[in-house]
Amino acid sequence: MPTLACRAFGRAPWVSIPDTDEIWPSAWPFGARPRIDEAARDRASSCNRLYGSRYNPLYQSGTIAVVLLIVLLVTGLWLLFLYRIGAPWASVAALTDDRLAGNWVRGVHRYASDASILAVVVHLGRMFLERRTHGPRLLAWLTGVGLLGLLFVCGWTGFVLVWDQFGELLAVEGARIIDALPILAKPLQLTFLGDQAIPSAFFFVNLFLHVALPLGLGLGLWLHVSRVARPTLLPPRRLWVAVVVGLVVLAFARPLRIAPEANPFRLAESVPVDWFYAFWLPLHAALPPWGAWLGVTTLVGALLAVPWLTGEPKGSAEPSRVDSRLCTGCEQCAHDCPYEAIAMVARTDGRAKLVAKVAQDRCVSCGICAGSCEVSAVGPPGRNGRDQLEWAKHDYDRPAVAGRVVMLRCAHAAGSQASSSDVLVTTVACVGSVHPNMIGAAMDAGASGVVLAGCPSRDCWHREGPKWATERVAGRREARLPAGVEPSRVVVVDATDAGAVAAAVAGLAVERTAQVAR
Amino acid sequence: MTRALAMAVAVVTALALVVGSVAPWRSHQGTDGRIRIAWSARPQRIEHCRQLSDEELAGVPAHMRQRVQCEGRAARYGLFGRIDGVERLGDTLRGGGARHEGMIHLLRDLPVAPGLRRLVVEVRRLDSLDPVADSLGTLTTDRERRMEATRERVRREALPAEVRLDTVVSLGAREVVLIGYDPDGQRFTLRSDPKRLP
Ligand code: HEM
Ligand code: SF4
Ligand code: SF4
């Protein structure tokens, strides 16, 4: 595999994204500001090498969580038919003994609930490490914290349903936590003493919660993605099939058993614990009851504060502007904006069509609209299509560019920096923000080809940059390449895939050599 | 090679899922059992009741007129417990709520080594009661009689001046013996695992 070197052409002046260091808050309270986002992206790109960016489970952790929730819903409905409030343990024991229609369904339900915690924690970790926490993602982050809490409580009630030793342990510890607050006149713990039968109302309320909380999860998920334009809710088919099949295989390979029935008169020597949901048990057993509240409020408070701790300094990105004299009302920018920050409104100058209007509070200055607009009427100040063209005409001078490959490389994309005397690298805010006229200017200056090196398309910092860039180059989307630019000489690649970058550069260089020879 | 590694990572994740899903936790180390003292009871009220005169009653708004007016608070109790002659409990019990007028709810767990154990649990009222009923004259209206009957019932159901349990129990390894309270019989009760082998 050829290694690439580059003659860095520098960063175009219209790339107004802050450096990685600057993205951390100016008031970062913990000493030197970390650069963990880069490390996280490198890790994710190693995962790309294993699974390919399309199936990368790190990128797909949110969508995998959705698949798992659907599996939980389907298997949960089946289990609901077999569960009896009047005989909780006995009914679960009976379905556990039923190898054909009970045990494996229970197994899939259980493993899916564990996997969902795993997937959501990975999803949260990825969002945190990649700083996808603030701005237009603020609502997704905050509701995500709520979803994690709901998922957790939902699992808790599920284990209590079984009313085996583990269920009893969770019920008693839960009661201990609730009793630490002075809200109930009679401590809940006194319900589980064994002097009287546990009221069936308890099992009813528990079952009700276990069924109702997923409805809350559904509603929460809708809110979660409500500010994400064109959210992807399901992973590619091969991946979700693999997840479902994997769960069924696990359920058969390791059939679930049932622990002995709850008995308040016996201290179990050892309890079979699900650590995904009860990782806190040993700690809680050693703490006073209010310790749990302290822990939960600290954790939730810290998670909710993340957007404000990791957000960009206010005013670091200027929102896009529309030149209404040029705007033809084609609506392309409104379709392409990944943050739904552009609306089409009635004109006030008497012309027939609508005009684009940018919602200042939603715009994150990604510049993608600049790449959409055929007539260069929209874009962040100093970075619209005309500004890009002007810069390119000035800086891509013929002697420097002729015969070389121009690489427009996303500032957010991880991966090794290409370096070769054959390549001129210009850093851009997002490959989706590059106006085709700029590509045209590079080709006019004699470049042998242009490589747009962006994030993996599932991991684009601005969500849809590489997708739109690919469609524009292929002529399937406005704005199109200028006449005379051969589409085969413009390649969009995943910057984290060093092999693909090298191959793209080599391909364009070879083509150039062949042309020269001809 | 990449494929094999990808498979290996997936298999390890699946294994982690299975292992983390059911793994034993030694929640109670050792063989100690528990003497669990857990019950709820209403504390006695220490109150002073008197009858209002006709003139006093006339000064009260019509909907608040009550001939018998009582003022008071809930009594405090001392809780004492000895196991095999060793002092294991000594505490003051008060009613729940901000004014301590609600039920007393008690939940104490005493770890105890298995074997035959002599238990002495005692609750003693710490405050003395004022004489009440005698000071009241004849109650004339139905409502007054009903209210006095309610007060009387609450007095009867409340935790008496002293409740004591002195017994020997055989405690198995990791077994729980529950000491509860029976408000009708006004005595402590003992309970253990109904499925326990004789
Ligand atoms: C039940 C739990 C959860 C599910 C099912 C879930 C699912 C999803 C899905 C399907 C998306 C859209 C993905 C896309 O189109 O790019 C998404 C986005 C997002 N999620 Fe979650 N999520 C969950 C929990 C969380 C948690 C706990 C957090 C963090 C606290 C979080 C933070 C985010 C953020 C910030 C985005 C926006 C991503 C972007 O714009 O790049 N989510 N989630
Ligand atoms: S893409 Fe350009 S011309 Fe079309 S609506 Fe947006 S600003 Fe107007
Ligand atoms: S720069 Fe353009 S595409 Fe990006 S958020 Fe603002 S309006 Fe939307």
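Definitions and cut-offs
Residues numbered from 1 in each chain as written. Chains lettered and ligands numbered in written order. Predicted model: local features only at pLDDT ≥ 70, side-chain atom pairs only at ≥ 80, totals over all residues. Heavy atoms only, no water. Helix = DSSP H or I, 4+ residues; strand = E, 2+ residues; numbered from the N terminus. Buried < 20%, exposed > 50% of the residue type's maximum accessible area, 1.4 Å probe, protein only. Contact = heavy atoms within 4.5 Å. Areas by Shrake-Rupley, 256 points an atom, 1.4 Å probe, with all protein chains shown as cover. Pairing = 2+ DSSP bridges. Axes fitted to C-alpha atoms, helices over the stretch in contact; angles between N-to-C directions. Patch = residues over 30% accessible without salt bridge, like charges linked within 9 Å, V, L, I, M, F, W, Y side chains within 5 Å. Salt bridge = Lys/Arg side-chain N within 4 Å of Asp/Glu carboxyl O. Domains from an automatic or database assignment. Buried area = accessible area lost by both parts, 1.4 Å probe. Polar contact = N/O pair within 3.5 Å; in protein donor to acceptor, adjacent residues only side chain to side chain. Nonpolar A, V, L, I, M, F, W, Y, C, P; charged D, E, K, R; others polar. Core = buried A, V, L, I, M, F, W, Y, C linked by side-chain atoms within 4.5 Å. Near = heavy atom within 4 Å. Phe/Tyr/Trp six-rings, centres within 6.5 Å; stacked < 30°, edge-to-face > 60°. Lys NZ or Arg CZ within 6 Å of the ring centre and 35° of its normal.

Within chain A, the secondary structure is distributed over 19 helices and 10 strands. Out of the 518 residues in chain A, the part that is buried amounts to 50%. Pairs at least 24 apart in sequence give 74% of the contacts found in chain A among residues at least 6 apart. Accessible area for chain A stands at about 23600 Å²; split by element, carbon and sulfur atoms hold 64% of it.

What follows concerns the sheet that holds strand β2 (residues 33-41) of chain B. Residues and elements named next belong to chain B. Taken in spatial order, the 4 strands line up as β7-β2-β10-β11 in an open sheet, and their pairing is mixed. Only two strands of the sheet have a single partner each, and these edge strands are β7 (104-112) and β11 (187-191). Between one strand and the next, the sheet's axes are offset by a mean angle of 20 degrees, whatever the strand orientation. Inspection of the sheet shows β2 paired to β7 by 9 bridges, in the antiparallel sense. Looking across to β7, one finds that Gly33 is bridged to Val112.

Residue and element names in this part refer to chain A. A surface patch of nonpolar side chains, amounting to about 770 Å² of accessible area, comprises Ile70, Leu73, Val74, Leu233, Leu234, Trp240, Val241, Val245 and Val249. Residue assignment for the nonpolar patch shows that the elements contributing at least two residues are α3 (61-82) and α9 (237-253). At 4 residues, the largest contribution of residues to the nonpolar patch is made by α9. Examined against the element boundaries, Val245 turns out to sit in helix α9.

Residues and elements named next belong to chain A. Looking at the assigned domains, one finds that chain A contains domain 1 (3-35 + 379-517) and domain 2 (57-260). Each partner contributes residues to the interface: domain 1 has 10 residues there, and domain 2 has 13 residues. A combined buried area of about 1300 Å² lies between domain 1 and domain 2, and 43% of that area is made up of carbon and sulfur atoms. Of all residues in domain 1, Arg458, Trp461 and Arg463 give up the largest surface area on contact with domain 2, accounting jointly for 53% of the area buried on that side. Our count for the domain 1 to domain 2 interface comes out at 3 salt bridges. Measuring nitrogen to oxygen at the nearest pair gives 2.5 Å for the salt bridge that ties Asp459 to Arg126. Put simply, domain 1 and domain 2 have 9 residue pairs in polar contact (both at pLDDT 80 or more) between them. Grouping the constituent residues of the side of domain 1 that touches domain 2 by class yields 6 nonpolar, no polar and 4 charged.

This paragraph deals with unusual backbone geometry. In this chain, Glu478(A) is followed by Ala479(A) through a cis amide linkage whose omega measures -10 degrees. Structurally, Ala479(A) is set in the loop between α18 (465-473) and β10 (490-494). The residue Arg230(A) is not glycine, and still its phi comes out positive at about 45 degrees. Within the chain, Gln186(B) stands out as a residue other than glycine whose phi angle is a positive 50 degrees. Note on placement: Gln186(B) falls in the loop between β10 (176-182) and β11. The exposure class of Gln186(B) is partly exposed, given its relative accessible area of 29%.

Bringing the nonpolar core into the picture now. Ranked by size, the top nonpolar core spans 58 residues in total, and within it Tyr396(A), Val406(A), Leu408(A), Ile439(A), Val450(A), Val451(A) and Leu452(A) carry the most contacts. In terms of nonpolar packing, the next biggest core, distinct from the first, is built from 55 residues, Ile64(A), Ala115(A), Phe152(A) and Ala292(A) among them.

This brings us to the site of ligand 1. Residue and element names in this part refer to chain A. In the vicinity of ligand 1 lie 22 residues, with His123, Arg137, Gly144, His224 and Thr232 positioned nearest. Between ligand 1 and His123, the relevant distance is 2.8 Å, taken from a nitrogen atom to a side-chain nitrogen or oxygen of the residue. Mapped onto the shell around ligand 1, the elements with two or more residues apiece are α3, α5 (99-129), α6 (138-162) and α8 (200-224). In terms of residue count, α6 provides more of the shell around ligand 1 than any other element does, 6 residues in total.

For the rest of this paragraph, the subject is the side chain of Arg347(A). Residues and elements named next belong to chain A. Turning to its location among the elements, Arg347 is positioned in the loop between β4 (342-345) and β5 (355-358). Given the relative accessible area of 13%, Arg347 is considered buried. Polar side-chain contacts of Arg347 include one of 3.0 Å to the backbone oxygen of Cys327. Within the structure, Arg347 has its side chain in polar contact with the side chain of Asp349 (distance 3.0 Å). Discounting chain neighbours no more than four positions away, the residues touching Arg347 are Ser324, Arg325, Cys327, Lys353, Leu354 and Val355.

Let us now look at the interface of chain A and chain B. The partner chain B presents 40 residues to the 38 residues of chain A that form the contact. The contact between chain A and chain B buries some 3400 Å² in all, and 63% of this surface belongs to carbon and sulfur atoms. Of all residues in chain A, Phe265(A), Leu267(A) and Glu269(A) bury the most surface against chain B, accounting for 24% of the area lost on that side. Remark: the boundary between chain A and chain B carries 3 salt bridges. In this structure, Arg26(B) engages Glu269(A) in a salt bridge whose closest nitrogen and oxygen atoms are separated by 3.6 Å. Taken together, the elements giving at least two residues each to the side of chain A that touches chain B come down to α2 (36-55), α5, β2 (271-273), α10 (275-278) and α11 (281-286) of chain A. A total of 5 residues in the side of chain A that touches chain B trace back to one element, the largest contributor, which is α5(A). When grouped by side-chain class, the residues that make up the side of chain A that touches chain B number 24 nonpolar, 4 polar and 10 charged. In this sheet, strand β1 (residues 23-25) of chain B lies alongside β2(A) in antiparallel orientation, the contact comprising 3 bridges.

Here the focus is α18(A). Residue and element names in this part refer to chain A. Within α18, 7 of the 9 residues are buried, which leaves it mostly tucked inside the rest of the structure. Along α18, the residues that are buried comprise Gly465, Pro466, Trp468, Ala469, Glu471, Arg472 and Val473. Of the surrounding secondary structure, the elements contacted by the buried residues of α18 are α13 (332-336), α14 (368-372), β9 (449-454) and β10. In the segment just after α18, Gly475 is the residue with positive phi, at about 80 degrees.

Below, the discussion takes up the packing of aromatic side chains. All names here are of chain A. Going through the model one piece at a time under the given rule, you end up with 16 aromatic pairs over all chains. Ring centres of Trp163 and Phe203 lie 5.3 Å apart, and the angle between their planes is 85 degrees; this geometry places the pair in the edge-to-face category. Taken together, the residues Trp163 in the loop between α6 and α7 (165-179) and Phe203 in helix α8 connect sequence positions 40 residues apart. On the basis of relative accessibility, which here comes to 6%, the residue Phe203 falls in the buried class. Where Trp391 meets Tyr396, the ring centres are 5.5 Å apart and the plane angle is 75 degrees; that geometry is what we call edge-to-face. Site record: aromatic cluster; members linked through ring pairs are Phe152, Trp156, Phe159, Phe166, Tyr277, Phe279 and Trp280. In this structure, Arg131 packs its charged tip against the face of Trp461, placed 5.4 Å from the ring centre.

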